[in-house]
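Below are the chains, spelled out letter by letter.
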Amino acid sequence: MKVLVTGGCGYIGSHTCVMLLEAGYDVIIVDNLCNSKRDVVDKIKEITGKDVIFYKGDVCDYALINKIFSHHDIVAVLHFAGLKAVGESVLKPLLYYRNNIDSTLNLLEVMTKYNCKNIVFSSSATVYGAPKTLPIKESAPLSTTNPYGSTKLYIEGILRDVYEADKNWNIAILRYFNPIGAHKSGLIGENPNGIPNNLMPYIIKVATKELEVLNIFGDDYDTPDGTGVRDYIHIIDLAKGHIKALDKVLSGSGIVCYNLGTGHGYSVLELVKTFEKVNNVKVNYRIAPRREGDIAACYADPTYAFQELGWKAELGIEDMCRDAYNYVMKCKRNTSD
Ligand code: NAD
Ligand code: WQD
């Protein structure tokens, strides 16, 4: 069974491709490589020993998506492609609306044309805005504070409208919490260029001395140690959630929506300390002012995904810290060879 993975060279998409191949699916990737590298395709093949079809191109390119569907009998799409940097989205809102929404509209139009009406969509816990109650259930009120989050919320709305108009669609909206970690092999993972936006890549760059010090954005939140609390989830658990969601979609789910998180919140300081302990490295940090737009705490109630999909996260914060560092260290060794 062939599945199309948009953004399959990216961080979450690549790990999900590995799981899809291991589960027996045939994988076609389309990615314009705006935030990833071509060699990820080779790494996916190396890990799984299986072949992957790769198209370099933009999901906003209707002709390309049409061509892919005309050449392959695709049963479902996992739609990861999108821009994801919150700060950049505030500076370049039109880029984010154009890329994230146009790509989705194109995809849905071509899927309709070829009568492929099964899709798994990468949404985000960012659609919960500043949550009023914790842990967060799927039924919590939705709001956003930046254009990136708005693209996710709008796309969720587009998917609901598409389903209302045609109940033959099967749609899984997955709201990810904070994915970190990497594949055990150290062949794929997350290693952004330049100064990272997110905590784990920043911690790693400080541990490897590429950056001098981690700024901890605020220690006066209403949390046990005053620093921000998040639901970090191992990328492998997250990828496994996609296989379960895809199975559900292919069994005729209608439209469904699941939180993919662990249900546990860890503070910035807890993550830093755990990282130092399991990797036996020092992470210099200092307390800095709060980052605009940040919330004190955010963690999932993952009960619904367990009830409906039989999925729950299994790997712990120590695995996340170890695997994330292992990947970056391996990248470094390979580039210095
Ligand atoms: P990523 O940037 O590593 O992967 C996205 C991939 O999509 C990249 O390979 C990029 O080159 C590609 N891409 C972007 N726009 C494209 C386009 N128009 N056409 C073709 N390819 C395109 O990001 P990720 O962390 O793997 O995130 C995947 C999805 O999950 C995104 O939609 C993101 O918004 C969502 N998400 C991510 C997180 C997170 O913390 N990483 C959390 C919640 C939701
Ligand atoms: C985590 C914690 C920071 C960096 C973002 C997006 C969200 C989703 C995941 C896509 C917070 C603190 C961070 C640093 C710090 N992405 N921090 N120093 O903000 O929870 O979520 O990524 O959908 O939409 O908003 O993740 O990793 O940036 O921050 O102290 O240098 O680490 O304040 O408490 P966040 P993050």
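Structure: above.
Asker: Mind laying out unusual backbone geometry, listing which residues take part and the relevant values?
Answerer: A cis amide bond links Leu 134 with the next residue in sequence, Pro 135, at an omega value of -5 degrees. Structurally, Pro 135 is set in the loop between strand S5 (118–124) and helix H6 (147–165). Non-glycine residue Lys 209 carries a positive phi angle of around 70 degrees. Mapping Lys 209 onto the fold places it in the loop between helix H7 (199–207) and strand S8 (214–217).

Asker: I'd like to hear about the pattern of salt bridges, residue by residue, with values.
Answerer: Oppositely charged side chains can pair when the atoms bearing their charge come close. Under the definition given, this model contains 20 salt bridges. Residue Arg 38 pairs with Asp 42 through a salt bridge whose shortest N-O separation is 4.0 Å. With a closest N to O distance of 3.4 Å, Glu 210 and Lys 205 form a salt bridge. On the basis of relative accessibility, which here comes to 41%, the residue Glu 210 falls in the partly exposed class. Through salt bridges with shared partners, a single ionic network connects Glu 156, Arg 160 and Arg 175.

Asker: Summarise the state of the cysteines; cite the residues concerned and give the values.
Answerer: Scanning the model with the defined rule gives zero disulfides in all. Here Cys 331 is not disulfide-linked; the sulfur of Cys 9 is the nearest cysteine sulfur, at 15 Å. According to the relative accessible area criterion, Cys 331 is partly exposed, its value standing at 21%.

Asker: So, the environment of Thr 144: which residues are in play, and what are the values?
Answerer: Inspection of the secondary structure assignment puts Thr 144 in the loop between S5 and H6. Looking at Thr 144, the relative accessible area reads 25%, which means it is partly exposed. With 14 residues separating them in the primary sequence, Thr 144 and Ala 130 have C-alpha atoms 8.2 Å apart. When residues no more than four places from it in sequence are discounted, the contact partners of Thr 144 are Thr 126, Val 127, Gly 149, Ser 150 and Leu 153. For Thr 144, the side chain forms a polar contact with the side chain of Ser 150, separated by 2.9 Å.

Asker: Quick one: what's the story with the side chain of Ser 14, residue by residue and with numbers?
Answerer: Positionally, Ser 14 belongs in helix H1 (residues 11–22). Residue classification places Ser 14 among the buried residues on the basis of a relative accessible area of 2%. Side-chain polar atoms of Ser 14 contact the backbone oxygen of Tyr 11, separated by 3.1 Å.

Asker: Quick rundown of the site of ligand 2? Include the residues and the values.
Answerer: Around ligand 2 sit 19 residues, and of these Ser 124, Tyr 148, Asn 215, Arg 230 and Asp 294 come closest. Between ligand 2 and the protein, one listed contact pairs an oxygen atom with a backbone N or O atom of Phe 217 at 2.9 Å. Bound to the protein, ligand 2 loses 87% of the 690 Å² it would expose on its own. Sorting the residues of the shell around ligand 2 by element identifies H7 and S8 as the ones contributing at least two each. Of all the elements, S8 adds the most residues to the shell around ligand 2, at four residues. Here the shell around ligand 2 is built from residues that sort into nine nonpolar, seven polar and three charged.

Asker: Tell me what's going on with the sheet that holds strand S3 (residues 53–56), and back it up with residues and numbers.
Answerer: Pairing is parallel in the open sheet, where seven strands are placed in the order S3-S2-S1-S4-S5-S6-S11. Looking at strand neighbours, the two that pair on one side only are S3 and strand S11 (255–260), the edges of this open sheet. Taking the axes of each pair of neighbouring strands and ignoring which way they run, one obtains an average angle of 15 degrees across the sheet. With three bridges joining them, strand S4 (residues 74–79) and S5 adopt parallel strand pairing. Residue pairing across strands places His 79 opposite Phe 121, the latter belonging to S5.

Asker: Before we move on, can you summarise the pairing of strand S2 (residues 26–31) with the specific residues and values?
Answerer: Among the six residues that make up S2, five are buried, leaving the element largely enclosed by the rest of the structure. Where strand S1 (residues 2–6) meets S2, five bridges bridge the pair, whose relative direction is parallel. Paired with Val 5 across the bridge in S2 is Ile 29. With respect to chirality, the unit in which S1 leads through H1 into the neighbouring parallel S2 is right-handed. Relative to S3, S2 runs parallel, the two sharing four bridges. Across the sheet, Ile 28 pairs through a bridge with Ile 53, a residue of S3. In terms of handedness, the path from S2 via helix H2 (residues 39–48) over to S3 forms a crossover that is right-handed.

Asker: Give a description of the nonpolar core that names residues and reports values.
Answerer: Val 3, Leu 20 and Val 27 are the most contacted members of the largest nonpolar core, which has 44 residues in total. For this core, the leading source of residues is helix H8 (residues 235–250), giving eight residues. Beyond its immediate sequence surroundings of up to four residues, Leu 20 is in contact with Val 3, Val 5, Tyr 25, Val 27, Leu 78, Ile 243 and Leu 246. In terms of nonpolar packing, the next biggest core, distinct from the first, is built from 28 residues, Ile 180, Ala 182, Leu 199 and Ala 324 among them.

Asker: Please set out the packing of helix H9 (residues 268–279) against helix H11 (residues 317–336) residue by residue, giving values where relevant.
Answerer: Axis separation between H9 and H11 bottoms out at 9 Å; the angle between their running directions is 65 degrees. The hand of the H9/H11 crossing is right-handed. Every residue of H11 that contacts H9 at Leu 271, Thr 274, Phe 275, Lys 277, Val 278 and Asn 279 is listed here: Ile 317, Glu 318, Cys 321, Arg 322 and Tyr 325. Its residues assigned to classes, the contact of H9 with H11 shows six nonpolar, two polar and three charged.

The rules behind the values
- Residues numbered from 1 in each chain as written.
- Chains lettered and ligands numbered in written order.
- Predicted model: local features only at pLDDT ≥ 70, side-chain atom pairs only at ≥ 80, totals over all residues.
- Heavy atoms only, no water.
- Helix = DSSP H or I, 4+ residues; strand = E, 2+ residues; numbered from the N terminus.
- Salt bridge = Lys/Arg side-chain N within 4 Å of Asp/Glu carboxyl O.
- Buried < 20%, exposed > 50% of the residue type's maximum accessible area, 1.4 Å probe, protein only.
- Disulfide = S-S within 2.5 Å.
- Contact = heavy atoms within 4.5 Å.
- Polar contact = N/O pair within 3.5 Å; in protein donor to acceptor, adjacent residues only side chain to side chain.
- Near = heavy atom within 4 Å.
- Areas by Shrake-Rupley, 256 points an atom, 1.4 Å probe, with all protein chains shown as cover.
- Nonpolar A, V, L, I, M, F, W, Y, C, P; charged D, E, K, R; others polar.
- Pairing = 2+ DSSP bridges.
- Axes fitted to C-alpha atoms, helices over the stretch in contact; angles between N-to-C directions.
- Right-handed = clockwise from strand over helix to strand, strands pointing away.
- Core = buried A, V, L, I, M, F, W, Y, C linked by side-chain atoms within 4.5 Å.
- Left-handed = near helix turned anticlockwise from the far one by under 90°.

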